[in-house]
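# Structural features, examined
Now for the letters of each chain:
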Amino acid sequence: MREMKTLRQVKIGESAVIKKLHGEGATKRRIMDMGLTRGTEVRVRKVAPLGDPMELTVRGYELSVRKGDAELIEVE
């Protein structure tokens, strides 16, 4: 079985498609409310110097996501 790939591992300039959201309750709900849902394509625009937050392009708009949240988003 392959290791799960998370949004956190996507390199700057690369795109990925969201496969599954991990996490519970309010955290998962907040991620979904930002438009990060299954089947959505996400592009990593840049990552802050210390790796937190990550700046993404999702559904035509820009979004910043914390490293901890990015680790809950499984991509392919």
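Reading the values: the criteria
Residues numbered from 1 in each chain as written. Predicted model: local features only at pLDDT ≥ 70, side-chain atom pairs only at ≥ 80, totals over all residues. Heavy atoms only, no water. Pairing = 2+ DSSP bridges. Helix = DSSP H or I, 4+ residues; strand = E, 2+ residues; numbered from the N terminus. Axes fitted to C-alpha atoms, helices over the stretch in contact; angles between N-to-C directions. Salt bridge = Lys/Arg side-chain N within 4 Å of Asp/Glu carboxyl O. Buried < 20%, exposed > 50% of the residue type's maximum accessible area, 1.4 Å probe, protein only. Contact = heavy atoms within 4.5 Å.

Bringing the sheet that holds strand E2 (residues 41–47) into the picture now. Across the sheet, five strands lie side by side as E4-E3-E2-E1-E5; this open sheet has antiparallel pairing. Because the sheet does not close on itself, it has two edges, and the strands there are strand E4 (61–65) and strand E5 (73–75). Within the sheet, the average angular offset between the axes of one strand and its neighbour, ignoring direction, is 45 degrees. Relative to strand E3 (residues 54–58), E2 is paired through five bridges, and the arrangement is antiparallel. Residue pairing across strands places Val-42 opposite Val-58, the latter belonging to E3.

This part covers the pattern of salt bridges. For the coordinates displayed, the defined rule picks out seven salt bridges. Its salt-bridge partner being Arg-29, residue Asp-33 comes within 3.3 Å of it at the nearest N-O pair. Separated by four residues within a single helix, Asp-33 and Arg-29 lie in helix H1 (residues 25–33), roughly one turn from each other. Its relative accessible area of 56% is what places Asp-33 among the exposed residues. Judged by its relative accessible area of 48%, Arg-29 falls in the partly exposed class.

What follows concerns the pairing of E3. Counting buried residues in E3 gives four out of five residues, a clear majority hidden from the surface. From the end of E2 to the start of E3, which pair antiparallel, there are six residues, and Gly-51 there has a positive phi angle of about 85 degrees.

So, on to the side chain of Glu-74. By the element assignment, Glu-74 lies in strand E5. Overall, the relative accessible area of 11% leaves Glu-74 in the buried class. Sequence-distant contacts of Glu-74, defined by excluding residues within four places in its chain, comprise Met-4, Lys-5, Thr-6, Val-17, Ile-18, Lys-19, Lys-20 and His-22.

The next subject is unusual backbone geometry. With phi around 50 degrees, Arg-59 is a residue other than glycine that occupies positive phi space. Relative to the elements of secondary structure, Arg-59 occurs in the loop between E3 and E4. Accessibility expressed as a relative area gives 52% for Arg-59, which makes it exposed.

This part takes up the pairing of E2. Relative to E2, strand E1 (residues 15–21) is paired through three bridges, and the arrangement is antiparallel. Bridging from a neighbouring strand, Ser-15 pairs with Arg-43 of E2.

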